[in-house]
Amino acid sequence: MKTIVTDSPEEAASFILSGETAAFPTETVYGLGADAFNAAAVRKIFEAKGRPTDNPLIAHIADVGEVDRVADFSSRIAQRLAERFFPGPLTLVLPKHTDVPLVVTADLDTIAVRAPENKEAQAFLRVCACPVAAPSANRSGRPSPTTWQAVLEDLDGRISCVLRGEPSVVGLESTVVDCTTDIPRVLRTGGVTLEALREVVPDMQGPQHDPGDTPRSPGMRHRHYAPVARVVLVDKAPSIPPRETAGYIGIEDPGETAQSDSGGRWRLVEQVATPEAYAHRLFDFMRRCDAAGVETIYCQTVEPTGIGAAIMDRLQRAEKGSAGSR
Ligand code: AMP
Ligand code: MG
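Note that the structure is a prediction, hence the values are computed from the model and not measured.

Q: Could you clarify how one ought to interpret the sheet that holds strand β9 (residues 175–178) in this entry?
A: Taken together, 10 strands build an open sheet; the order of strands is β1-β8-β2-β3-β7-β4-β6-β5-β9-β10 and the sheet is mixed. For this open sheet the edge positions go to β1 (4–6) and β10 (185–188), each flanked by a neighbour on one side alone. Strand-to-strand twist of the sheet, defined as the mean angle between neighbouring strand axes without regard to direction, takes the value 35°. Inspection of the sheet shows β9 paired to β10 by three bridges, in the antiparallel sense. Directly across from D178, in β10, lies its bridge partner R185.

This is the structure in C-alpha cells:
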C-alpha cells in the first residue's frame, strides 16, 4: 500500500470516509484513525499497528456536542470535566452506545471519548463528520509518534494517509479518566494533571499503582513506550559519560555534551528547561536515539507531580519494556 502524505484535512478525511486509515496530528501525539462506526475499517488500525485486539481505542470527536453519538453522557461529573477540559488532552471513559462496533472498545461496554484541541485535528474531524476511532500512530509497543516523520518511520506502506502537521505540543498521551464509577478515577496519567482534575472534582482518585490490581484500562497491561535502546533512570545527571554509546535526557546539564562516537562521550543529549519541555521532547528523543544506534538512554527522573506524574509513568514503562529487561 502506498502511504499518501498530505497537508489537506479534506484529503485525509476522504480516506476515513472510504473506509481506510489516516494518521492525524493532535496536541498529545499523532493518532491513527478510522471511522468508528465501520468495524472493517477499525480492524485495519489493529493490523497496521500489530496491536493486540484487547487494547481499546479512543473515539475522537470534533466538538463536545458529539459525545452522545457514541456514549451515554448523562453523568454530571463527566459533563463538568468536559466543560472544563474539552477540547484538550483529556479522555473520558463513559457507558458505550450499543451501535458502536465492539472492535473499537475491545469488547468493553464502555468507550473512551476525546475532543482534541489541535486545529488540524479539529478541521480533519469536522470533514470526517463521524467519530474517528484512534490509538497512537506507532507500531505497537514503540514510543508514540509526536511528528509526522515518526508516523512514517513506523507505518509507511501500512496505512493509507498521514495528515502532516506540527510536532505534538504536549508530547505525551491524554489523561484517561473513568467516569463510570461513583467516584471517577484516573486510569492513565497524561496531558491534564491530577491537580487540575481535582480543581473540578476534588475526590478524583489517582492512578492505581498496585500491580496486583486488575487494570481497568486494558491497554495498561501491554508493553508500551519502549525504544530499542535500554532505558536507565537516574536521579541526577551523570557527570561522567558512560563507556557505551549513550544518550541523556534531563533537566540538569550532564556536563560533557560533545557528540562523538567514541571515548566515552554522550552520543545525544537533550537538556530541557521544564517538565513540560521534557514531556514534549521525550518520545522524539527516544526515537532519535534509536536512529543513532544509541545502546543506553539515561533519563533523569522528575518530581511525580503535575505533568511530572505522566513523565515518570512513561519513563518507568520504558525502563521495564526496554532491551535491558525484555
Ligand atoms: P492509545 O491512544 O494508543 O494510548 O490507546 C488508547 C488507550 O485508551 C488504551 O490503551 C486504554 O488505556 C485507554 N482506553 C480506551 N478505551 C478504554 C475503555 N473503554 N476503558 C478504559 N480505558 C480505555
Ligand atoms: Mg498507544
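Having seen it, we continue.
Q: Would you take a moment to explain the sheet that holds strand β12 (residues 246–250) for this structure?
A: Each strand in a sheet pairs with its neighbour through backbone hydrogen bonds, running either in the same direction (parallel) or in the opposite one (antiparallel). In spatial order, the strands read β11-β14-β12-β13; together these four strands make up an open sheet with parallel pairing. Edge positions in the sheet fall to β11 (230–234) and β13 (266–271), since each of these pairs with one other strand and no more. Along the sheet, successive strands turn relative to each other by an average axial angle of 15°, direction set aside. Across four bridges, β12 lies against strand β14 (residues 296–300) in parallel orientation. Bridge pairing in β14 links I249 to C299. The strands touched by helix α7 (residues 275–291) within the sheet are β12, β13 and β14, with β12 carrying the most contacts at an inclination of about 175°. Here helix α8 (residues 307–321) sits on the sheet and contacts β11 and β14; the angle it forms with β11, its principal contact strand, is near 135°.

Q: I would appreciate a short explanation of the side chain of T245 in the present structure.
A: Tracing the backbone shows T245 in the loop between β11 and β12. Accessibility expressed as a relative area gives 17% for T245, which makes it buried. Setting aside residues up to four positions removed in sequence, T245 forms contacts with R267, G293, V294, E295 and T296.

Q: Sorry if this is basic, but what is going on with the pattern of salt bridges here?
A: Once the charged atoms of two side chains with opposite charge are near each other, the side chains can pair. Under the counting rule described, the total for this entry stands at 16 salt bridges. When the shortest N-O distance is used, the salt bridge between E20 and K44 registers 3.2 Å. Here E20 is found in the loop between α1 (9–17) and β2 (22–24), whereas its partner K44 is found in helix α2 (residues 39–49), with 24 residues between them in sequence. E20 sits in the partly exposed class, given a relative accessible area of 24%. A salt bridge links D154 to R142, with the shortest nitrogen-to-oxygen separation between them at 3.8 Å. On the criterion of sequence distance, the pair formed by D154 in helix α5 (residues 148–155) and R142 in the loop between β7 (132–134) and α5 is long-range, its members being 12 residues apart.

About the cut-offs
- Residues numbered from 1 in each chain as written.
- Chains lettered and ligands numbered in written order.
- Predicted model: local features only at pLDDT ≥ 70, side-chain atom pairs only at ≥ 80, totals over all residues.
- Heavy atoms only, no water.
- Pairing = 2+ DSSP bridges.
- Helix = DSSP H or I, 4+ residues; strand = E, 2+ residues; numbered from the N terminus.
- Axes fitted to C-alpha atoms, helices over the stretch in contact; angles between N-to-C directions.
- Contact = heavy atoms within 4.5 Å.
- Buried < 20%, exposed > 50% of the residue type's maximum accessible area, 1.4 Å probe, protein only.
- Salt bridge = Lys/Arg side-chain N within 4 Å of Asp/Glu carboxyl O.

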